[in-house]
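# Descriptive analysis of the structure
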There are 4 protein chains.
Amino acid sequence: MIKSDIIAQANDAANAKLKADYDALGEALDRRGIDIAAIKSKVAKYGVAVPSWGVGTGGTRFARFPGTGEPRDIFDKLDDCGVIHQLTRATPSVSLHFPWDAQPAADLNSKAEEVGLTFDAMNSNTFQDQENQQYSYKFGSLSHTDAATRQQAIDHNIACIALGREIGSKALTIWVGDGSNFPGQTNFTRQFERYLEATRQVYNALPEDWTLLTEHKMYEPAFYSTVVQDWGTNLLIAQQMGDKAKCLVDLGHHAPNVNIEMIVARLTQFGKLGGFHFNDSKYGDDDLDTGSIDPYRLFLVFNELVEAENNPDFNPMHMLDQSHNVTDPIESLMVSATEVQRAYAQALLVDRTVLEGFQESNDALMATTTLKHGFRTDVEPILAMARLEAGGAIDPVAAYRASNYRAQVSAIRPQVSGAGGGIV
Amino acid sequence: MIKSDIIAQANDAANAKLKADYDALGEALDRRGIDIAAIKSKVAKYGVAVPSWGVGTGGTRFARFPGTGEPRDIFDKLDDCGVIHQLTRATPSVSLHFPWDAQPAADLNSKAEEVGLTFDAMNSNTFQDQENQQYSYKFGSLSHTDAATRQQAIDHNIACIALGREIGSKALTIWVGDGSNFPGQTNFTRQFERYLEATRQVYNALPEDWTLLTEHKMYEPAFYSTVVQDWGTNLLIAQQMGDKAKCLVDLGHHAPNVNIEMIVARLTQFGKLGGFHFNDSKYGDDDLDTGSIDPYRLFLVFNELVEAENNPDFNPMHMLDQSHNVTDPIESLMVSATEVQRAYAQALLVDRTVLEGFQESNDALMATTTLKHGFRTDVEPILAMARLEAGGAIDPVAAYRASNYRAQVSAIRPQVSGAGGGIV
Amino acid sequence: MIKSDIIAQANDAANAKLKADYDALGEALDRRGIDIAAIKSKVAKYGVAVPSWGVGTGGTRFARFPGTGEPRDIFDKLDDCGVIHQLTRATPSVSLHFPWDAQPAADLNSKAEEVGLTFDAMNSNTFQDQENQQYSYKFGSLSHTDAATRQQAIDHNIACIALGREIGSKALTIWVGDGSNFPGQTNFTRQFERYLEATRQVYNALPEDWTLLTEHKMYEPAFYSTVVQDWGTNLLIAQQMGDKAKCLVDLGHHAPNVNIEMIVARLTQFGKLGGFHFNDSKYGDDDLDTGSIDPYRLFLVFNELVEAENNPDFNPMHMLDQSHNVTDPIESLMVSATEVQRAYAQALLVDRTVLEGFQESNDALMATTTLKHGFRTDVEPILAMARLEAGGAIDPVAAYRASNYRAQVSAIRPQVSGAGGGIV
Amino acid sequence: MIKSDIIAQANDAANAKLKADYDALGEALDRRGIDIAAIKSKVAKYGVAVPSWGVGTGGTRFARFPGTGEPRDIFDKLDDCGVIHQLTRATPSVSLHFPWDAQPAADLNSKAEEVGLTFDAMNSNTFQDQENQQYSYKFGSLSHTDAATRQQAIDHNIACIALGREIGSKALTIWVGDGSNFPGQTNFTRQFERYLEATRQVYNALPEDWTLLTEHKMYEPAFYSTVVQDWGTNLLIAQQMGDKAKCLVDLGHHAPNVNIEMIVARLTQFGKLGGFHFNDSKYGDDDLDTGSIDPYRLFLVFNELVEAENNPDFNPMHMLDQSHNVTDPIESLMVSATEVQRAYAQALLVDRTVLEGFQESNDALMATTTLKHGFRTDVEPILAMARLEAGGAIDPVAAYRASNYRAQVSAIRPQVSGAGGGIV
């Protein structure tokens, strides 16, 4: 954690400007009939989970270029996550990944308490082979042709649930890379039947108050077909499983040009939107920082979420899921959490009664102008004030850099080699 | 129709070569343990419907360059369709489009009998405004915000059913362009609710033995969102409507890179594959000739269809849906019907027991090689012999050109102006 | 034109709020060390040309749904363009399209003067056949296999130059739809050789102070190959022709996911960026309103343009090129011109010295944050104040609606039929 | 190497069928006026290089699932490459990758001679950091902002040339991953200036008879921009460098839907096509087996190459570049080399005089039918007979499996761990 006087010092330097900006925005919003305090209050309550693996430097199949002071284990990772939440007040929980983060529940709970975090959804891993694993996932996991391999994957997911129960998690997220690289390699129908049968075993092991989140992805690591390739198949899974099963939408997992906000709307309409993995992308599953490539798309997703907020049953889970290859992961996650809040705040500014009127009368130009009015408002003072009031930093990156946190942990955590992997 | 002696003459010239090629292929297939006659017999029974509008020259929003002898009405169109079937023996039915083809049922039936054709699915049109139409579809049809406009679209579809009953059709295909061009122009959820409610009225008007086919499309004419944008939404429609409702897959209506054969498999698995619009495309809904751009993809679709053939309930409808901008439409439709049969014949050659074995043992290389073995076999002699034996032409294009059919109808049908439309 | 008291009245109602917003923004920018007046001054000088065809309602190959009061000819169109500039003060020139707008130069000049406009680049049309045209462009124009057809296209372009000289234009924009719909239909190399040879004839006819702008486009109306398919081929053309030849970039003419701002940078670096057609798109060449789908991409393009502004030789032409299918074209063009100015103003806010420092030290996070800081600033008060000071409207759409201009011209201009074209 | 009696035994079993198939095809081609022996002779002379790294199992950023008997070093790799050529007679050379394959030239030459191979283009590696490397490539190599890092990359490339000269290579292939992950991270223009300047140093070090091949790629490992992102930029590089510089086309490095065969034609026309990396892909740079996803596209590329063959200066280099994640790499490379030959043979079958006639008269349908006629001919007997006559295997995969080569090397080469890398 960062010493509170460092944060205070950074805030002191920025406080006057923030106050002026916030007041000016408050008056401008007031001229539009919007109460800035109400928006700020909603933003303050809004949090997004951080993935434990996100605080390590990511890479590609070509290379990974590690940073300094990389976390050695889940406890280091929780330290880093704690800093992110300390400064942003926007990331109150962490999503764990098994077996990478497998540790005794008591130790996890104790560390989480220490750094002021709780645990979000559990993530299982059947897309890699672990040391001493009996069956390989080279040709699939939950949908493998071999029953014993499927059982091993089922057991692993059930073990994730067991561990999750001990640390207060309420959801299991399943993402599998199962698919094929060649036409004909797999029989699409039988593969999906096997997937459904295996996932049913996991579903049956869910506690009553848990949610099963399944995640679709167009491609990668499989390059011809993927068993849960899009929201259509994901919907079928959730329908086949039952009420506790819902769909998770990762913003980077779709075909080019796809209208993602519409998928969000459809899943919401049919009660099957379970949660998000936020990130941004230009080409494939690039896992770039949320909002860094197409911030308007992120806003349009949040426009759907705010639209659905009135429904009391609507409560999707929110998580960042990014790969930080060229930035300090802590910085990227702080900025990304802020971007999520920014899109949320902008969507809250949209006058929905006015919008509905334009939609009803097919006034396309004024309808879209109404949305844009929300988007183009610079809500940074709201986000910063919410952070400040909650004990965070006006400018998280500046405070973080001032703290020298990275240098401090680098002194403790040994440098990892940058040698390439030879996967091309 | 083309005089039979012209066809006979053309066939006589090509017969010896065909016989030699067919015999050689028969022996080659025999060396692979395949009975050529059995394949030929299946191919001979396989037909694909021709769209009535397909025999006119198509165009783009920029221009249409008419050919000579363009059909003036549905009766001219049926003449052209008759020629296509006469020469290919592969297109026994025609799919009508209302109101373009609206004529007294008796006249349609009489003409169809004259040219030896039957009627396939009816196609409604609520994506254009017709002269004297009360409400405009500019902002939608079945999903319009205005109830009277929706009702007009519902009534039109029910009228299509009424006409279809009189001419022996058993299916209604609904494709709507409803959507939006701007974020915010429409509320996704309410728009889809209206669509479902309106389509329910049409569904309720279906005779017991009819099928409702709904068609998804990613974009065009709407360029931000489309109400039935993909197979996920299409599936929801079919689920909401009931057993008579199924999904129609147009090969050109998907996002870039999407694995279409997998969508075919999923819809088949859940009993919701209703039919196809065959064509090919490189960029968007290009409506190019079937198999002209990616013949292997067409083969992979047929691989799924042959896979599903054992299921007695599996009986999707097949139609060509193309825009012939630079070719004689009769020639393109003849070649395209042949390409559909080619893919079917190639898929029939795949040894499915062997394939299943490789799939089961995850021998990806041999599995895909097994598929490719079917694909790379030149089955043209089978197709040509099936045509010849059914009274068609060994080489339909050659026979058609020899017949001078186009010149003959051009003498009767006046030349259409090529002036551009000014839509850019 | 709209009566000035109507504009004044509308401005009066909005003036107090604008003043407050502008002052607040001025203070906020001052806190960032930016002089709002300097930005406003640059914005005030920034104009974008309107395409004459843009004021008519557009359509798709499926249908066109006309609006009311559609312009009957170029003089009506100039009236509409005059209104756009009157209210936005951002569109001082009009780009004509031949032969659609072919009228005596004196009449064009006189009308332009009346409505306060000048003429931008000339646009030739060899993608449609005109009544009484000798050779058809069905199979190409400048690259046609037939020399006489090529000559006809050359002559048409030279005629465009002749007309342009009389009305003060300084550039010819060539866009051709030449290409193919089938593999093998054309020989890529010979087709391009013919294109280069024909374009050379046009180039040779250019006055000394003119620019030849060639436009690339991935596809449509040709659906397999297009002779000027991308910026690589476009660059080759400009290189082959000479110094007066430059490349025109239409934002909607690229493959999915392509980084357009990088193409802008490359063409700029090698002195070959000639101009822009601004619009927005989600799928193909959707020709949606500029900035309506991905405003950040538009900003990133302007970031390159502002980056290049210091180069005295850098002077690309700017034009809107959109299809307004569901909105009043005047409204869409006004909003789009504003969006172009908005992106320009946001790009001006970026501190380039700071940005360069982060780039030099590979501080990716702070570099992108620096860009985003410009983008997320709501510069609307700057744009509105610039308009107001130049005699335009604070809120152009509101003033336009208050003026009843559309109803007034509708009384004069007869309603166009909405019947569909039958091109599917 | 595989014992010759094993190959002989496998060939004996397949010989009678091959002879019958070859004779039947010969007669069928004779009926089309084509001399099968002439085609076979051209195919026999056609070879494609194998990448040394291709014989190891590939992976993704998520995981690598090693096979058994993976090569430990370049000498093992050359053994595997020797087997591929032994059985296919289609892969006479190997392309090395430095520093992965760095060994004394004498040892490399000696081993190459032992296994009957020569060395193709050298490949440098500045997309990974090697142990003990002074400067990191995390933020770029040849285009890095830091001059010392650029120099290190230059020196590495020059070292590659030095090594290449000793082993008979005549080309250096440069592929860099330099780019950016965030808008603003890099200045496009300055980055490309640095790239050009650094590459100039490498170019200047080239022996007279060498070729510099630069390779473009749309994205990955950089996810917002890549310095050599497409053929337009690649062309600029080749133009700036000089006559010895040419462009390398990797089939998987383009934007979705791009017409790659047209890029091949353009680069050929302007003398800048230097070579190929063959593979296939459905989504991104999937590096799947050549011809496995879209064999017609591969054929269309070869159609251009055969078209250009008459030009005596036309002599591009050919290499496979694939990632074998789920197959035995030796098997995939053998099948892929065969697919390259298949596309070549099919393209040779096209009657170019006839094709030209149809192109000249704009008979699109017959032009594309002419191409397809070549494509749909099953040329497998030609390929197999060419292999057999050259001492290879009729069915390379069958012979390879019969040889037990993999099991034999697995006994010598230790099993590699399958533990995942933790890069997500």
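The structure this text deals with has already been given above.
So, a few notes on the structure that sits alongside this text.

Cut-offs and rules
Residues numbered from 1 in each chain as written. Chains lettered and ligands numbered in written order. Predicted model: local features only at pLDDT ≥ 70, side-chain atom pairs only at ≥ 80, totals over all residues. Heavy atoms only, no water. Helix = DSSP H or I, 4+ residues; strand = E, 2+ residues; numbered from the N terminus. Rg over C-alpha atoms; globule rule 2.2 N^0.38 Å. Buried < 20%, exposed > 50% of the residue type's maximum accessible area, 1.4 Å probe, protein only. Contact = heavy atoms within 4.5 Å. Areas by Shrake-Rupley, 256 points an atom, 1.4 Å probe, with all protein chains shown as cover. Lys, Arg positive; Asp, Glu negative; His and termini not counted. Charge placed at Lys NZ, Arg CZ, Asp CG, Glu CD. Buried area = accessible area lost by both parts, 1.4 Å probe. Salt bridge = Lys/Arg side-chain N within 4 Å of Asp/Glu carboxyl O. Polar contact = N/O pair within 3.5 Å; in protein donor to acceptor, adjacent residues only side chain to side chain. Nonpolar A, V, L, I, M, F, W, Y, C, P; charged D, E, K, R; others polar. Least-squares fit on C-alpha atoms with pLDDT ≥ 70 in both. Arc of directions from axis to C-beta. Expected span 1.5 Å × (residues − 1). Phe/Tyr/Trp six-rings, centres within 6.5 Å; stacked < 30°, edge-to-face > 60°. Lys NZ or Arg CZ within 6 Å of the ring centre and 35° of its normal. Pairing = 2+ DSSP bridges. Axes fitted to C-alpha atoms, helices over the stretch in contact; angles between N-to-C directions. Left-handed = near helix turned anticlockwise from the far one by under 90°.

### Here we look at the overall build of chain A
- Secondary structure summary: chain A contains 15 helices and ten strands in total.
- The C-alpha radius of gyration computed for chain A amounts to 22 Å, which stays within 12% of the reference 22 Å derived for 424 residues, consistent with globular compactness.
- In terms of principal-axis extent, the alpha carbons of chain A reach across some 65 × 60 × 40 Å.
- By residue count, 69% of the 424 residues in chain A fall in the buried class.
- Counting only contacts in chain A whose residues sit at least 6 apart along the sequence, the fraction spanning at least 24 positions is 78%.
- In the form shown here, chain A has an accessible surface area of approximately 13,300 Å², with 49% of it arising from carbon and sulfur atoms.
- Positive and negative side-chain charges in chain A, numbering 36 and 55 respectively, have mean positions lying 1 Å apart.

### Quick word on the interface of chain D and chain A
- Counting from both sides, the interface comprises 58 residues of chain D and, opposite them, 58 residues of chain A.
- With both sides pooled, the region where chain D packs onto chain A buries about 4,900 Å², and carbon together with sulfur makes up 64% of that total.
- Between the two partners, chain D and chain A, sit six salt bridges.
- One salt bridge in this structure joins Glu220 of chain D and Arg61 of chain A, with 2.9 Å as the shortest N-O distance.
- In this assembly, chain D and chain A are joined by 13 residue pairs in polar contact (both at pLDDT 80 or more).
- Looking at side-chain class alone, the side of chain D that touches chain A contains 25 nonpolar, 21 polar and twelve charged residues.

### A word on the relation of the copies chain A and chain B
- Turning chain A through 180° and shifting it by 0.0 Å along the axis lays it on chain B, with an RMSD of 0.0 Å. On this basis, the relationship between the two copies can be described by a two-fold rotation axis. Within chain A, Gly232 of chain A has its C-alpha nearest the rotation axis, a separation of 2.0 Å.
- Residue by residue, 100% of the interface of chain A is reproduced at the interface of chain B, so both copies engage with the same surface.

### Remarks on the environment of Gln86 of chain A
All names here are of chain A.
- Residue placement: Gln86 occurs in helix H3 (residues 74-88).
- Using a relative accessible area of 11% as the deciding quantity, one classes Gln86 as buried.
- The contact partners of Gln86, leaving out residues within four places of it in the chain, are Met1, Ile2, Ile7, Gly391 and Gly392.
- Reaching out from Gln86, the side chain makes a polar contact with the backbone oxygen of Ile2 at a distance of 2.6 Å.

### Describing helix H11 (residues 352-360) of chain A
Residue and element names in this part refer to chain A.
- Buried residues of H11: Arg352, Leu355, Phe358 and Gln359, and no others. Along the axis of H11, the buried positions cluster into a sector of 120°, meaning they face one direction only.
- Those residues of H11 that are buried lie in contact with helix H9 (295-308), helix H10 (329-348) and helix H12 (364-375).
- The backbone nitrogen of Thr353 has a side-chain oxygen 3.2 Å away, supplied by the residue at the start of H11, namely Asp351.
- Backbone geometry just downstream of H11 places Asn362 in the positive-phi region, at approximately 55°.

### Some remarks on the relation of the copies chain D and chain A
- For the pair chain D and chain A, the superposition axis carries a translation of 0.0 Å, the fit reaches an RMSD of 0.0 Å, and the rotation angle comes to 180°.
- The overlap is high: 100% of the interface residues of chain D also sit at the interface in chain A, so the same surface is used on both sides.

### Details of the interface of chain A and chain B
- Taken together, the contacts link 54 residues of chain A with 54 residues of chain B.
- On inspection of chain A and its partner chain B, the count reaches four salt bridges.
- For Arg190 of chain B, the salt bridge identified is with Glu307 of chain A, shortest N-O distance 3.6 Å.
- At the junction of chain A and chain B, the tally comes to 25 residue pairs in polar contact (both at pLDDT 80 or more).
- Mapped onto the side of chain A that touches chain B, the elements with two or more residues apiece are helix H6 (188-204), strand E7 (225-226), helix H7 (231-241), helix H8 (260-269), H9, H11 and H12 of chain A.
- Looking at the side of chain A that touches chain B, the element that brings in the most residues is H7 of chain A, giving seven residues.
- Looking at the side of chain A that touches chain B residue by residue, the class counts come to 25 nonpolar, 20 polar and nine charged.

### Some words on helix H9 (residues 295-308) of chain B
Residue and element names in this part refer to chain B.
- Taking 1.5 Å of rise per residue, 14 residues should cover 20 Å, and H9 covers 20 Å from first to last C-alpha, within 8% of that figure.
- Burial analysis of H9 places twelve of its 14 residues in the buried class, the great majority of the element.
- All buried positions along H9 are accounted for by Pro295, Tyr296, Leu298, Phe299, Leu300, Val301, Phe302, Asn303, Glu304, Leu305, Val306 and Ala308.

### A word on the packing of aromatic side chains
- On inspection of all chains with the given rule, the structure shows 74 aromatic pairs over all chains.
- Pairing Phe62 of chain B with Trp175 of chain C gives two aromatic rings, centres 5.0 Å apart and planes at 50°, and the pair type is tilted. Of this pair, Phe62 of chain B sits in the loop between strand E1 (50-51) and helix H3 (74-88) while Trp175 of chain C sits in the loop between strand E4 (171-174) and strand E5 (179-180), which puts the two residues in different chains.
- On the accessibility criterion, Phe62 of chain B (5% relative accessible area) is buried.
- Through a chain of ring-to-ring contacts, three or more aromatic side chains come together here, namely Tyr296, Phe299 and Phe375 of chain A together with Tyr296, Phe299 and Phe375 of chain C.
- One residue, Arg266 of chain B, lies across the ring of Phe192 of chain A, its end atom 4.1 Å from the ring centre.
- Here the basic side chain of Lys244 of chain D rests over the ring of Tyr203 of chain D, its NZ or CZ set 5.3 Å away from the ring centre.

### A short note on the sheet that holds E1 of chain B
Residues and elements named next belong to chain B.
- Within the open sheet, the eight strands sit side by side as E1-E2-E3-E4-E6-E8-E9-E10. Their pairing is parallel. Looking at which strands have only one partner, the edges of the open sheet turn out to be E1 and strand E10 (317-320).
- Bridge analysis of strand E4 (residues 171-174) against strand E6 (residues 211-215) gives four bridges, and the strand direction is parallel. Counterpart to Ile174 in the pairing with E6 is Thr214.
- Those strands touched by helix H6 (residues 188-204) are E4, E6 and strand E8 (245-250), and its axis lies near 150° from that of E6.

### Let's talk about the sheet that holds strand E2 (residues 93-97) of chain A
Residue and element names in this part refer to chain A.
- The eight strands lie next to each other as E1-E2-E3-E4-E6-E8-E9-E10, forming an open sheet whose pairing is parallel. Taken across any chain shown, the strands that pair with only one partner, and hence form the sheet edges, are strand E1 (50-51) and strand E10 (317-320).
- The pairing of strand E6 (residues 211-215) with strand E8 (residues 245-250) spans four bridges and is classified as parallel. Note that in E8 the partner of Glu215 across the bridge is Leu248.
- Across the sheet, H7 lies against E6 and E8, angled at about 160° from E8, the strand it touches most.

### Focus on the pattern of salt bridges
- Overall, the coordinates contain 132 salt bridges over all chains when judged by the stated rule.
- Linking Arg72 of chain B and Asp76 of chain B is a salt bridge whose minimum nitrogen-to-oxygen distance equals 2.7 Å.
- Here Arg72 of chain B falls in the partly exposed class, since its relative accessible area comes to 48%.
- Owing to a relative accessible area of 7%, Asp76 of chain B belongs among the buried residues under this scheme.
- Of the charged contacts, one joins Asp101 of chain C and Lys77 of chain C as a salt bridge, the two residues approaching to 3.5 Å between their closest N and O atoms. Here Asp101 of chain C, found in the loop between strand E2 (93-97) and helix H4 (105-115), pairs with Lys77 of chain C, found in helix H3 (residues 74-88); they are 24 residues apart in sequence, far enough to count as distant. Pair check on accessibility: Asp101 of chain C and Lys77 of chain C agree, each one buried.

### Thoughts on the packing of helix H5 (residues 147-166) of chain A against H6 of chain A
All names here are of chain A.
- Closest axis-to-axis distance for the H5/H6 pair is 9 Å, and the angle between their directions is 30°. Here H5 and H6 pass one another in a crossing that is right-handed. Where H5 approaches H6, its residues Arg150, Ile154, Asn157, Ile158 and Ile161 are matched on the opposing element by Arg194, Ala198, Gln201 and Val202.
- Classifying every residue of the contact of H5 with H6 by side-chain character gives five nonpolar, two polar and two charged.

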